[in-house]
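Chains, contacts and geometry: an overview
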Amino acid sequence: MKLGPVSYGVLAAALASYAWADDIVVEGISHNPIATSAASGGTAGNITVATDALISISTSGAAVTVDSNNTLDNSGTIENIVKDNGVAVLLRGGVSGGFVEDSTALLNIAGTGSGNFGLLVDGTAPFTGNIEFKDGSGVLVHGTDPVAVGIRTEVIGNVTLGGIINALSAGANGVVVQAPISGSLTNSGVVFLSSYASLTDYSPLQIDPVPHWGIAIGAQITNGFVNAGGTDASDTLAAVGNIQTASTAPALIIAPSVAGAGAQDFSIGLHTTDTFNQSFSVINRGTIANQENDPGLSTIGVQIGESDAGMPAHTVTLQGGFFNRGSITASSESDNFNASQASPAPTNATAIQIGNGAVLLNGGAHTGTVGTGSTVANIVLDAGASSVDDFYKNLTVVWNGEERFITAYDGDTRTATIAGFSGSSETWSTGPHASDPYTIKSAALRNDGQISGFMSGTETGIVTALAIDPFASVPSLINTGTIQAEADSTDPTISDLAAYGIRDRSGTLTDIVNRGIISATAGYKISGPTGPLDDDSQKNVAIDLSAGSAGQTIYNAGQITGDVVFGTAPMAGSVSGNQLILAGGNAGLSGNV
């Protein structure tokens, strides 16, 4: 059945004799809102919007509503052009349905007012069903603080974001999750935020208004969050998630305050359905970037927990910690020759901020009993372990109280090759015995990709690649990629320019394994290498653990550029409470300890 710009009464009469009249296919142009509860003459049914169809309304409320146990499959365009409170698609809580946006489809909100949503999930009871935006689909929203995808009531199902989500106005938000998702949240598309749709909207001579969050999570996600991308260097065909903004708000934030008045403690569970990194809660294999060039506007790439000082009222726990294989970038500028009417001002850039109230746990990837045939250089896992090669690579294995780093894994034989970890010997004390228990675990934060903070201009500022705030908890870190902070000024007469690769102000980070690069450089730079400021007040701190009082271990088999500052742990007998271990011929340190 096809719905054009005709009345529902005529439509119902014409189709009264059809047994399949519950479902409806929309073709052509319609200016009438439609709901699944009355898809066909007051009878509930599924709605399909065809490729050439346009549903366009100009009144407050939703153009299409799923409010019965039915589905919406959109291949066309659904839009609302009203100024305020315009919604393209509303999924009403309390029903079992589903939403699919196909590769040719668009949700469009053209109004310039407030309260606008591309897709809104709302109600007093959960919505049961999957929500999927396929590759090639689109969401475009305008207005004052609009939201492209908003989840305000629980979703019992998975939410998958493909295609392109554009939020183009001051205060614009890409995806805002304020209620639980019982499944997983996956972004394999592009979430792009800008404060304006056209360069003519604002004067380039001034500091422009900024958008808000790219993706914001303020409630439990049972099976974790993934920003998609390749699982290894050879995986070049995987869809790549991209979260891109230029804002003083984070590109990705996971914090109770996102939920507003409904804020409470919550957790992000393990992404157990992931083939390669099932022990983590938040996985980034794509690109997350917050790159602002207006003077004095500070940036954050990823924020977990709260940025306000002091212990917050609510906490967020990542049950399996955080894994980055992609790129996370924050950059800022203290001046901009384009914004010629704005004065230069100090600015900061933080790639990852583990904020107050954030707790990152070490996720255990697998627990089992030792198989037969282990040696001092490996361990044979049980039959229940993964059959995928290198599935456990770069994780750690604990047997008989000894902890080792897994350098390779043969899925056919279930054999993990091991190396030393945190100063232990390179091999087991003896070959693990068959039937002994073992545990494979990861770090609370693992980086196999790029975590970068950059700042440039004429003024001072602080750049931090990884910041851990005073009331956060991150006990361990494994780095096989690059953690880099660079703060540059073209004026050598300024003071106190600072760069931190890792800055832990919580005192909880006690175990660092570096097999990659950790770098911090700050100073005077126009071109070429960075040099000192005139007063030599710059800070180049690769790892700052000065807030800690417990024993700290840095096992370095990679490169560290910048100073390393330990905490105040006392001697443990004749052994220092803090240890820096350089392991292997590739290990290097350029800086003070």
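Residues numbered from 1 in each chain as written. Predicted model: local features only at pLDDT ≥ 70, side-chain atom pairs only at ≥ 80, totals over all residues. Heavy atoms only, no water.

Helix and strand counts for the protein come out as one helix and 56 strands. The C-alpha atoms of the protein give 26 Å as radius of gyration, which agrees with the globular expectation for 593 residues (25 Å, within 12%). Expressed as lengths along the three principal axes of its C-alpha atoms, the size of the protein is roughly 90 × 70 × 40 Å. Long-range contacts, defined here as pairs at least 24 residues apart, represent 77% of the contacts in the protein between residues at least 6 apart. As presented, the protein carries roughly 21500 Å² of accessible surface, and 51% of it is formed by carbon and sulfur atoms. A distance of 5 Å separates the average location of the 17 positive side-chain charges in the protein from that of its 50 negative side-chain charges. (Helix = DSSP H or I, 4+ residues; strand = E, 2+ residues; numbered from the N terminus. Rg over C-alpha atoms; globule rule 2.2 N^0.38 Å. Contact = heavy atoms within 4.5 Å. Areas by Shrake-Rupley, 256 points an atom, 1.4 Å probe, with all protein chains shown as cover. Lys, Arg positive; Asp, Glu negative; His and termini not counted. Charge placed at Lys NZ, Arg CZ, Asp CG, Glu CD.)

Right, let's talk about the pairing of strand β50 (residues 517-524) for a bit. With eight bridges joining them, strand β47 (residues 482-489) and β50 adopt parallel strand pairing. Across the sheet, Ser 489 pairs through a bridge with Tyr 524, a residue of β50. In terms of strand pairing, β50 meets strand β53 (residues 559-561) through three bridges, oriented parallel. Its bridge partner being in β53, Ile 518 is matched across the sheet by Ile 560. (Pairing = 2+ DSSP bridges.)

To continue, consider the pairing of strand β41 (residues 415-419). In terms of burial, β41 is largely enclosed, as four of its five residues are buried. One ladder, built from five bridges, connects strand β40 (residues 402-410) with β41; its direction is antiparallel. Considered in β41, the bridge of Ile 406 is made with Ile 418. (Buried < 20%, exposed > 50% of the residue type's maximum accessible area, 1.4 Å probe, protein only.)

This part is about unusual backbone geometry. One non-glycine residue with positive phi stands out, namely Asn 85, at about 55 degrees. Relative to the helices and strands, Asn 85 is located in the loop between β9 (77-80) and β10 (86-92). Classification of Asn 85 by relative accessible area gives partly exposed; the value is 43%. Within the chain, Asn 400 stands out as a residue other than glycine whose phi angle is a positive 55 degrees. Note that Asn 400 resides in the loop between β39 (396-399) and β40. Overall, Asn 400 belongs to the exposed group, its relative accessible area being 57%.

Now for the side chain of Ser 188. Structurally, Ser 188 is set in the loop between β22 (185-187) and β23 (190-194). We classify Ser 188 as buried; its relative accessible area is 16%. If sequence neighbours within four positions are ignored, Ser 188 has contacts with Asp 135, Leu 161, Gly 162, Ala 228, Ala 239, Val 240 and Gly 241.

Another aspect to go through is the sheet that holds strand β36 (residues 358-360). With respect to topology, three strands assemble into an open sheet ordered β28-β32-β36, the strand pairing being parallel. One side of each edge strand has no neighbouring strand; the edge strands of this open sheet are β28 (266-268) and β36. Shown here is a sheet whose adjacent strand axes are inclined to one another by a mean of 20 degrees, direction ignored. Pairing of strand β32 (residues 316-318) with β36, which is carried by three bridges, proceeds in the parallel orientation. For Val 316, the partnering residue across the bridge sits in β36 and is Ala 358. (Axes fitted to C-alpha atoms, helices over the stretch in contact; angles between N-to-C directions.)

Another aspect to go through is the side chain of Thr 482. Here Thr 482 shows up in strand β47. On the basis of relative accessibility, which here comes to 16%, the residue Thr 482 falls in the buried class.

The predicted model of the protein averages 90 in pLDDT, with 93% of residues at 70 or higher. The low-confidence segment residues 1-21, where pLDDT is below 50, has 28 contacts with residues more than four positions distant or belonging to other chains. (pLDDT = per-residue confidence, 0-100.)

Next up on the list: the environment of Ile 328. As for its position among the elements, Ile 328 is in strand β34 (residues 327-333). Each C-alpha atom, one on Ile 328 and one on Ala 465, is 9.0 Å from the other, the two residues being 137 residues apart in sequence. Not counting chain neighbours up to four residues away, the residues in contact with Ile 328 comprise Asn 284, Ile 288, Val 302, Phe 322, Ala 351, Ile 352, Gln 450, Ile 451 and Ser 452.

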